[in-house]
Structures are given as C-alpha cells and as structure tokens.
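Chain and residue survey
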Amino acid sequence: MALNMYFKNGIIRKTRGHISDDLIPTLYQVHDNGSYPQLTWLIDSLYDNPEIQPDIAKALAEELEAFETLILSMQLPFPRIPLHKLHTFFMQAASNQQVIYTRSD
C-alpha cells in the first residue's frame with residue numbers, strides 16, 4: 001500500500017510526493033533504529049494518513065540524507081532516484097513551511 005503526499009504550493013497548485021510499495025522495504029531497513037526516529041514514525045504511520053509538519057519534514061529529509069550516505073558507504077544497491085525525490089519533496093515542504101497531507105492507496 002503506497003503513500004501519496006502533497007503540500008500546497010500557491011493558491012491552486014500542489015507539490016506531490018509518493019512512497020511506493022517498492023520503496024517501503026528499503027525504508028523499513030531503518031525501522032526502530034534510534035538514529036532514524038522520524039523515518040520510524042513515518043513507517044509506523046503509513047496507513048494512518050498522517051499530517052507532516054514542516055519541522056518533521058525537515059527531520060525526515062535529514063534522516064533520508066543520512067540513510068543514503070550509510071547505504072552508499074556500505075556499497076549496497078538501493079533505489080537512489082526515489083529516495084532522492086523523497087528527500088527533495090520533504091526539503092521543499094520544510095523550506096516553504098508547508099504541512100504535508102497524506103493518503104494511503
């Protein structure tokens with residue numbers, strides 16, 4: 001079950017993000033890891049349609065960046081483009097001080 005996300009970008013426009021079913025197992029690798037509390041929260045809340053506040057979005061972006069660095073240092077394969085898009089999405093919401101709204105498929 002994927003998670004669709006968006007935040008308002010102007011009066012009518014929305015910026016959209018997505019956590020696909022294929023990306024969930026990758027994110028689950030850091031579940032319950034003390035270094036990634038916001039990613040653990042997001043994984044636990046995927047099906048609850050959480051609202052993500054700007055400060056949480058910033059923390060998620062930072063944790064995703066640290067996660068990518070960890071995976072690269074271990075030379076493991078991972079879905080780099082989806083993780084990068086997710087990082088960019090969270091950073092945009094945080095820098096624009098926008099609440100992210102979510103909906104599970």
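Our subject is the structure listed above.
Residues numbered from 1 in each chain as written. Predicted model: local features only at pLDDT ≥ 70, side-chain atom pairs only at ≥ 80, totals over all residues. Heavy atoms only, no water.

Considering the sheet that holds strand S2 (residues 14-19)
Spatial strand order, S2-S1-S3: three strands in an open sheet with antiparallel pairing. The sheet is open, and its two borders are formed by S2 and strand S3 (101-104), each paired with just one other strand. The sheet shows a mean angle of 20° between the axes of neighbouring strands, taken without regard to direction. Examined bridge by bridge, strand S1 (residues 3-8) and S3 share four bridges and lie antiparallel to one another. Residue pairing in the sheet places Asn4 in a bridge with Arg103 of S3. Packed on one face of the sheet, helix H4 (residues 80-95) meets S1 and S2 and runs near 30° to S1. (Pairing = 2+ DSSP bridges. Helix = DSSP H or I, 4+ residues; strand = E, 2+ residues; numbered from the N terminus. Axes fitted to C-alpha atoms, helices over the stretch in contact; angles between N-to-C directions. Contact = heavy atoms within 4.5 Å.)

Considerations on the pattern of salt bridges
Under the criterion given, the structure shown has one salt bridge. Of the charged contacts, one joins Lys58 and Glu62 as a salt bridge, the two residues approaching to 3.3 Å between their closest N and O atoms. Residue Lys58 and its partner Glu62 are located together in helix H3 (residues 54-73), separated by four residues, close to a single helical turn. (Salt bridge = Lys/Arg side-chain N within 4 Å of Asp/Glu carboxyl O.)

Details of the pairing of S2
Side-chain alternation along S2 places Thr15, Gly17 and Ile19 on a buried face and Lys14, Arg16 and His18 on a face that remains uncovered. With six bridges joining them, S1 and S2 adopt antiparallel strand pairing. Its bridge partner being in S2, Phe7 is matched across the sheet by Thr15. Where S1 folds back onto S2 in an antiparallel hairpin, the turn is made up of five residues, including Gly10, whose phi is positive at roughly 105°. (Buried < 20%, exposed > 50% of the residue type's maximum accessible area, 1.4 Å probe, protein only.)

Considering H4
With 16 residues, H4 extends 22 Å between its outermost C-alpha atoms, agreeing within 8% with the 22 Å of an ideal straight helix rising 1.5 Å per residue. Restricting attention to buried positions, one finds in H4 the residues Leu83, Leu86, His87, Phe89, Phe90, Ala93 and Ala94. One side of H4 carries all its buried residues, which in axial view fall inside an arc of 160°. Away from the buried face of H4 by more than 90 degrees, exposed residues Ile81, Lys85 and Ser95 are located. Elements that come into contact with the buried residues of H4 comprise S1, S2, helix H1 (24-28), helix H2 (37-45) and H3. Residue Gln97 follows H4 closely and has a positive phi angle near 55°. (Expected span 1.5 Å × (residues − 1). Arc of directions from axis to C-beta.)

A look at the packing of aromatic side chains
Taken as a whole, this structure holds four aromatic pairs when the rule is applied. An angle of 70° between the planes, with centres 6.1 Å apart, marks the rings of Tyr36 and Phe67 as edge-to-face. Linking Tyr36 in the loop between H1 and H2 with Phe67 in helix H3, this pair joins segments that are 31 residues apart in sequence. The same class applies to Tyr36 as to Phe67, namely buried. (Phe/Tyr/Trp six-rings, centres within 6.5 Å; stacked < 30°, edge-to-face > 60°.)

Things to note about the environment of Leu60
Its place among the elements puts Leu60 in helix H3. Taking relative accessible area as the criterion, Leu60 reaches 0% and is therefore assigned buried. C-alpha separation for the pair Leu60 and Val99, spaced 39 residues apart in sequence, amounts to 13 Å.

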